[in-house]
Amino acid sequence: MKGSSLVVLSGVALVAYSLIAPRLPGSGITPPPINPGGPDLLTVFSQSDQPQQAAADACEFGCLCESIAEMIDFDGHQTEPQLSTGQQLDNFRKLSRFYQLHGASYAQRYPALADVAGSYLQNELGNDGGKIEPARRARWIAAYRTLATSAHYASDYLEWK
């Protein structure tokens with residue numbers, strides 16, 4: 001093989017490697033996801049002996065929390081909001097979970113979830129079932145977005161691990 005052919009072949013091999021190397025497992029060290037703070041849902045979902053299922057459930061729980069936050073926000077921008085009391089917001093939360101999970105509950109697979117998420121919501125929102133003013137609605141929205149962020153972090157970490 002001539003020297004110039006060897007150089008061209010080596011160049012082609014180097015380019016090919018540079019294109020596929022990032023896709024190879026173990027080709028680099030991926031840092032763990034950054035913990036955003038908030039309630040410790042990673043510990044809750046990590047207690048499962050099925051990490052892939054736990055990661056999927058954490059992701060779905062995060063999506064549910066995002067959806068609840070978005071619906072509360074959307075409702076608040078209506079001329080006549082349908083969710084105007086703490087009691088209605090709590091019922092909406094329960095019904096959202098019920099319908100998304102077809103009557104099941106994440107707490108069946110992750111018993112600590114009800115305590116961790118419930119304590120967090122209790123600390124952030126209290127238990128006043130009365131009228132929802134804009135500032136209080138904003139706290140509900142922020143609390144559910146924080147739960148969503150914590151759940152997505154748990155999912156990402158379990159996938160990373």
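Please read these numbers as outputs of a predicted model, since none were measured by experiment. (Residues numbered from 1 in each chain as written. Predicted model: local features only at pLDDT ≥ 70, side-chain atom pairs only at ≥ 80, totals over all residues. Heavy atoms only, no water.)

Enquirer: Sorry, what's going on with the packing of aromatic side chains here?
Expert: For the structure on display, the rule yields 7 aromatic pairs. Look at F98 and Y99: their rings are 5.3 Å apart centre to centre, the planes differ by 75 degrees, and that puts the pair in the edge-to-face class. Assessed through its relative accessible area of 40%, F98 is described here as partly exposed. A relative accessible area of 58% places Y99 in the exposed class. Between Y157 and W160, the ring centres sit 5.3 Å apart and the planes meet at 45 degrees, which makes this aromatic pair tilted. (Phe/Tyr/Trp six-rings, centres within 6.5 Å; stacked < 30°, edge-to-face > 60°. Buried < 20%, exposed > 50% of the residue type's maximum accessible area, 1.4 Å probe, protein only.)

Enquirer: Hey, could you run me through the pattern of salt bridges in this one?
Expert: On inspection of all chains with the given rule, the structure shows 7 salt bridges. Residue E70 is joined to R145 by a salt bridge in which the shortest nitrogen-to-oxygen separation is 2.7 Å. Here E70, found in helix α3 (residues 51-76), pairs with R145, found in helix α7 (residues 134-160); they are 75 residues apart in sequence, far enough to count as distant. In this structure E70 comes out as partly exposed when scored by relative accessible area, which is 40%. We note a salt bridge from R145 to D73, for which the minimum N-O separation is 3.6 Å. Residue R145 is found in helix α7, and its partner D73 is found in helix α3; the two are separated by 72 residues along the sequence. Taken together, the shared-partner salt bridges connect E70, D73 and R145 into one network. (Salt bridge = Lys/Arg side-chain N within 4 Å of Asp/Glu carboxyl O. Helix = DSSP H or I, 4+ residues; strand = E, 2+ residues; numbered from the N terminus.)

Enquirer: Please explain the packing of α3 against α7 as it appears in this structure.
Expert: When two helices pack together, their arrangement is given by the angle between their axes and by how far apart the axes lie. It is the contact of α3 with α7, at a shortest axis distance of 8 Å, that shows an interaxial angle of 160 degrees. The angle between the axes of α3 and α7 places the two elements in the roughly antiparallel class. Regarding α3 and α7, the two cross each other, and that crossing is left-handed. (Axes fitted to C-alpha atoms, helices over the stretch in contact; angles between N-to-C directions. Parallel < 35°, antiparallel > 145°, perpendicular 65-115°, else oblique. Left-handed = near helix turned anticlockwise from the far one by under 90°.)

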